[in-house]
Number of protein chains: 2
Amino acid sequence: MPGGRPRSFDADTALDRALEVFWRHGYEGTSLTDLTTAMGINKPSLYAAFGNKEELFAKVLARYLDGPGAYTADALAAPTGREVVERLVRGAVDLVAGEDTPHGCLCVNSVHACGPDAHAVRRDAIAVRKAGEAALRRRLEQATDLPSRHDPATLAALVHTITDGIAVQAAAGRGHDELRRIGDLALHAVLT
Amino acid sequence: MPGGRPRSFDADTALDRALEVFWRHGYEGTSLTDLTTAMGINKPSLYAAFGNKEELFAKVLARYLDGPGAYTADALAAPTGREVVERLVRGAVDLVAGEDTPHGCLCVNSVHACGPDAHAVRRDAIAVRKAGEAALRRRLEQATDLPSRHDPATLAALVHTITDGIAVQAAAGRGHDELRRIGDLALHAVLT
DNA sequence: TTAATTCTGTACCGATTGGTAGGAAACTAG
DNA sequence: CTAGTTTCCTACCAATCGGTACAGAATTAA
């Protein structure tokens, strides 16, 4: 029954281009023209394939978590609590200060999109962050090799805070090597 | 010789209103209408008194550093290195999670204003951050009471990273008490 | 070939953006 | 009072914002 004219672009590729643009310029700093130019399609095609700007961003955020952000899930699978935290911090450094990607973290950026049209975006980003921290807390509750002077919830929040700080530092221009040193010092302090 | 019609508003008060709005909604999320409404003046008055949006933001940023951000300079005057770091972290928690002020840090927010019209704003914010960290590094170089396993530059960068993270956490909705606990855990880890 | 369907491209929509022109209003100096 | 100066207010500007109407092009099913 259906048929119809076939799409002249690959949806996943276009989504990756949109991710790059949102990541680099933020939700509010990205215009539909920026998006259509980067994606190589026209506005009606964008709307037909991805919905409006908000919905496109939601899809982009999901793709970010599944792609560049996938290291977090891997890290939680590490055998020891120490290693979980190490891989989270070092993975954050690699993600937010990568050579071929925009500096900073899409999710952290989105928390700071606080204009009138960005409520949904901010809410989504905060929900994602909350879920990630909850997963980390549950993982740390299972660990037996961590300094016992603090509860897992606070430790998870501290690790989250440190990776947030690393993202800000990268967004502000700090390079990968320096961030690596800062992260290692943080790890040494937290895990001792 | 001059004279002229007197101003019908107080410039400093208006600047404080502008600070509140920029702090809460970010540079890109704040429109001139938002500003003039909050400041209680019309656009031509705003332009005559403060220049364009960029220049107004620069004045607001300076006022932020002199007002809510003044605790940093105070902290650097503390007698011991430990106390300097403690006051910086606890001061950051109080600033970014205050009851009567927007949550988050104006300076950290501004680093994430990466739209096309926000280059100058981002540059200013980064310059301010760099200067602050340099002052902290110089202060820590003088300290004799800190764990000697790391150089002052990396320690200053780590403290900066932690306060950045605290700002993000506050912007994402974490409350003051929880942030205080996270900050104390971080202090314990870094200063031991 | 024809009908039905789906996508593409142009051209447009109202609303809002940052910014300004120009005259009335309010003050000081003479 | 008058001249000069500065601010205030209304109304407006071009440009851009996110979003869409509509017609033609490309496909499948019959």
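Report on the accompanying structure. (Residues numbered from 1 in each chain as written. Chains lettered and ligands numbered in written order. Predicted model: local features only at pLDDT ≥ 70, side-chain atom pairs only at ≥ 80, totals over all residues. Heavy atoms only, no water.)

Laying chain A over chain B is done by rotating through 180° and shifting 0.0 Å along the axis; what remains is an RMSD of 0.0 Å. Taken together, the rotation and translation describe the operation of a two-fold axis. Of the C-alpha atoms belonging to chain A, the one lying closest to the rotation axis is found on Gly165(A), 1.9 Å away. When the interface residues of chain A are mapped onto chain B, 100% of them are again interface residues, pointing to one common binding face. (Least-squares fit on C-alpha atoms with pLDDT ≥ 70 in both. Contact = heavy atoms within 4.5 Å.)

Once that is clear, we can look at helix H10 (residues 176-190) of chain A. For H10(A), spanning 15 residues, the distance from its first C-alpha to its last is 21 Å, which sits close to the expected 21 Å at 1.5 Å a residue. Residues of H10(A) that are buried include every one of Leu179(A), Ile182(A), Gly183(A), Leu185(A), Ala186(A), Leu187(A), Ala189(A) and Val190(A), and no others. In this structure, the buried residues of H10(A) make contact with helix H6 (81-96) and helix H9 (152-171) of chain A together with helix H9 (152-171) and helix H10 (176-190) of chain B. (Helix = DSSP H or I, 4+ residues; strand = E, 2+ residues; numbered from the N terminus. Expected span 1.5 Å × (residues − 1). Buried < 20%, exposed > 50% of the residue type's maximum accessible area, 1.4 Å probe, protein only.)

Taken together, the contacts link 40 residues of chain A with 40 residues of chain B. Overall, the association of chain A and chain B removes approximately 3,200 Å² of surface from exposure, summing both partners, and the carbon and sulfur fraction of that is 67%. Contact with chain B buries area across many residues of chain A, yet His112(A), Thr161(A) and Leu185(A) alone supply 18% of it, more than any other trio. Applying the counting criterion to the chain A and chain B interface returns two salt bridges. The shortest N-O distance in the salt bridge between Arg174(B) and Glu133(A) comes to 2.5 Å. Counting across the chain A and chain B interface gives eight residue pairs in polar contact (both at pLDDT 80 or more). Counting only elements with at least two residues in the side of chain A that touches chain B, the list comes to helix H1 (11-29), helix H7 (106-111), helix H8 (119-142), H9 and H10 of chain A. (Buried area = accessible area lost by both parts, 1.4 Å probe. Salt bridge = Lys/Arg side-chain N within 4 Å of Asp/Glu carboxyl O. Polar contact = N/O pair within 3.5 Å; in protein donor to acceptor, adjacent residues only side chain to side chain.)

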